[in-house]
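Examining the three-dimensional arrangement
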Amino acid sequence: MLLGHMGGPFWSGRDTSAWSVPKGEYEPDEDPVSAARREFEEELGLPVPAADLIALGDVRQSGGKVVTVWAAESDLDPGEIVPGTFTMEWPRASGRFQEFPEVDRVAWLGLEQAAEKIVVGQRAFLDRLADRLADPRSD
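The structure contained in this document is the topic of the report that follows.

Reading the values: the criteria
Residues numbered from 1 in each chain as written. Predicted model: local features only at pLDDT ≥ 70, side-chain atom pairs only at ≥ 80, totals over all residues. Heavy atoms only, no water. Pairing = 2+ DSSP bridges. Helix = DSSP H or I, 4+ residues; strand = E, 2+ residues; numbered from the N terminus. Buried < 20%, exposed > 50% of the residue type's maximum accessible area, 1.4 Å probe, protein only. Patch = residues over 30% accessible without salt bridge, like charges linked within 9 Å, V, L, I, M, F, W, Y side chains within 5 Å. Areas by Shrake-Rupley, 256 points an atom, 1.4 Å probe, with all protein chains shown as cover. Salt bridge = Lys/Arg side-chain N within 4 Å of Asp/Glu carboxyl O. Lys, Arg positive; Asp, Glu negative; His and termini not counted. Charge placed at Lys NZ, Arg CZ, Asp CG, Glu CD. Core = buried A, V, L, I, M, F, W, Y, C linked by side-chain atoms within 4.5 Å. Contact = heavy atoms within 4.5 Å.

A sheet is described by the order of its strands in space; here 3 strands give the open sequence 2-1-7, paired in antiparallel fashion. Both outer strands of the open sheet, strand 2 (19–20) and strand 7 (103–108), are each paired with one neighbouring strand and no more. In this sheet, strand 2 lies alongside strand 1 (residues 2–6) in antiparallel orientation, the contact comprising 2 bridges. Residue pairing in the sheet places Gly4 in a bridge with Ser20 of strand 2.

Below you can see the structure in the form of structure tokens.
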């Protein structure tokens, strides 16, 4: 599973439950697959690998954000990733705005290791992927 360690000061000292699938928000009238491809490119700086997509469905995270995920088999090299950035006021209430990478590390992780590192609200995707790998006919 390709996961990114979330960038920025809130996540810098954490490893467990601090990794995420590449994701972002999309408008109600935007095609979810197109949005996922766009967000993948924005977060990782690389195009989505040419591969068949496997829908892993949606989950609602604790903050209310709905995340929709697809899986694809690939040999993407994490060393080639050039992460996108975001700007936030840091330190808080300082009046200083700093730019941070959206992800500061990216790695391929086995499902067991990914379960330790992925944010809790996205663990259902790992279970769904494991089910799909165990029974590929469930497409």
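From this point on, the discussion continues.
Bridge count between strand 3 (residues 54–60) and strand 4 (residues 66–71): 5 bridges; the pairing is antiparallel. Directly across from Asp58, in strand 4, lies its bridge partner Thr68. Linking two consecutive strands that pair antiparallel, namely strand 3 and strand 4, is a turn of 5 residues; a positive phi of about 100° is found at Gly64 within it.

Moving on, we get to unusual backbone geometry. Across the junction of Trp90 and Pro91, the peptide omega takes the value -5°, indicating a cis bond. Among the structural elements, Pro91 can be located in the loop between strand 5 (85–89) and strand 6 (97–101). Residues other than glycine seldom take positive phi values, yet Ser17 does so here, at roughly 60°. According to the relative accessible area criterion, Ser17 is buried, its value standing at 15%. For Ala93, which is not glycine, the phi torsion reads 60° and is therefore positive. Examined against the element boundaries, Ala93 turns out to sit in the loop between strand 5 and strand 6.

As a further point, take a negative patch on the surface. A surface patch of negative charge is lined by Glu73, Asp75, Asp77 and Glu80. Within the secondary structure, Glu73 is located in the loop between strand 4 and strand 5. On the basis of relative accessibility, which here comes to 74%, the residue Glu73 falls in the exposed class.

Here we take up the nonpolar core. If you look at the biggest cluster of nonpolar residues, it comprises 16 residues, and the most contacted ones within it are Met1, Leu3 and Val21. The set of elements that each furnish at least two residues to this core consists of strand 3, strand 4 and helix 3 (123–134). Once you skip the residues sitting within four places of it in the chain, Met1 turns out to touch Val21, Ala107, Trp108, Leu109, Ala114, Leu126 and Leu129. Phe40, Ile81, Val103 and Val106 belong to the second largest nonpolar core, which has 8 residues in total.

Below, the discussion takes up the pattern of salt bridges. Under the counting rule described, the total for this entry stands at 6 salt bridges. Among the ionic pairs, Glu30 bridges to Arg38, the shortest N-O distance being 2.9 Å. Of the charged contacts, one joins Arg38 and Glu42 as a salt bridge, the two residues approaching to 3.6 Å between their closest N and O atoms. In this pair, Arg38 and Glu42 are both assigned in helix 1 (residues 32–44), 4 residues apart and thus about one turn of the helix distant. One continuous salt-bridge network, built from bridges that share partners, spans Asp15, Asp104, Arg105 and Lys117.

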